[in-house]
Amino acid sequence: TIVVILYGANDFASGKPLGEVGSFRQGTFLWDYDTVVRGLIENLTDTQVILSTLVYRADAETPNALGLVLEDYNGVVRHLADRYRLKIADSWSNSGIDASNFTALSADEAHLNDEGHQRLAAFFIECLQTDRCD
């Protein structure tokens, strides 16, 4: 069984604090994401867990209420992949969804349309089949 986690876009949009690696604090993105990852690893022992960076969205480079951009949240995802030695699917950098084509691949400023989801799914499939994820 394979589980791919693509999590955190709403946390970015709502301005959830990132948290600090040295001090886990409940209610932060780091704490919440770590809890999900740990729960999957501990309870689904025959499962390969893969973390995905967040996909481009129209406001990705616009600072949220805390002055953070989407790439700041992707840094937490990368940290947790390293921490738990998990494969990371870098959809931010490698899915082919970016500022140049987001309008054509999106239903609104934050959500992909059918074509965008097909492109993202194709990226995940290629990642799993070729082990070229990042």
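The rules we used
Residues numbered from 1 in each chain as written. Predicted model: local features only at pLDDT ≥ 70, side-chain atom pairs only at ≥ 80, totals over all residues. Heavy atoms only, no water. Helix = DSSP H or I, 4+ residues; strand = E, 2+ residues; numbered from the N terminus. Contact = heavy atoms within 4.5 Å. Expected span 1.5 Å × (residues − 1). Buried < 20%, exposed > 50% of the residue type's maximum accessible area, 1.4 Å probe, protein only. Arc of directions from axis to C-beta. Pairing = 2+ DSSP bridges. Axes fitted to C-alpha atoms, helices over the stretch in contact; angles between N-to-C directions.

Asker: So, the side chain of Asp34: which residues are in play, and what are the values?
Answerer: Positionally, Asp34 belongs in helix H2 (residues 29–43). If near-sequence neighbours (up to four positions away) are discounted, Asp34 is found in contact with Phe24, Leu80, Arg83 and Tyr84.

Asker: An account of helix H3 (residues 70–84) is needed here, citing residue identities and associated values.
Answerer: Relative to the 21 Å expected for 15 residues at 1.5 Å per residue, H3 spans 22 Å between its end C-alpha atoms, a close match to the ideal helical length. Residues of H3 that are buried include every one of Leu70, Tyr73, Asn74, Val76, Val77, Leu80 and Ala81, and no others. Along H3, the residues classed as buried sweep out an arc of 150 degrees about the axis, all on the same side. Residues of H3 that are buried in the fold lie against helix H1 (9–14), H2, strand S2 (48–52), strand S3 (87–89) and helix H4 (91–94). Just past H3, the residue Arg85 takes up positive phi, approximately 55 degrees.

Asker: Give a description of the sheet that holds strand S1 (residues 2–5) that names residues and reports values.
Answerer: Sheets are built from strands that pair by backbone hydrogen bonding, the pairs being arranged parallel or antiparallel. Taken in spatial order, the three strands of this open sheet run S1-S2-S3, and their pairing is parallel. Strands with a single pairing partner mark the edges of an open sheet, and in this sheet they are S1 and S3. The mean angle between the axes of side-by-side strands here comes to 30 degrees, regardless of whether they run parallel or antiparallel. Pairing of S2 with S3 involves three bridges; the strand directions are parallel. Each bridged residue has a counterpart across the sheet, and for Ser52 the counterpart in S3 is Ala89. Together, S2 and S3 form the strand contacts of H3, whose direction differs from that of S2 by roughly 155 degrees.

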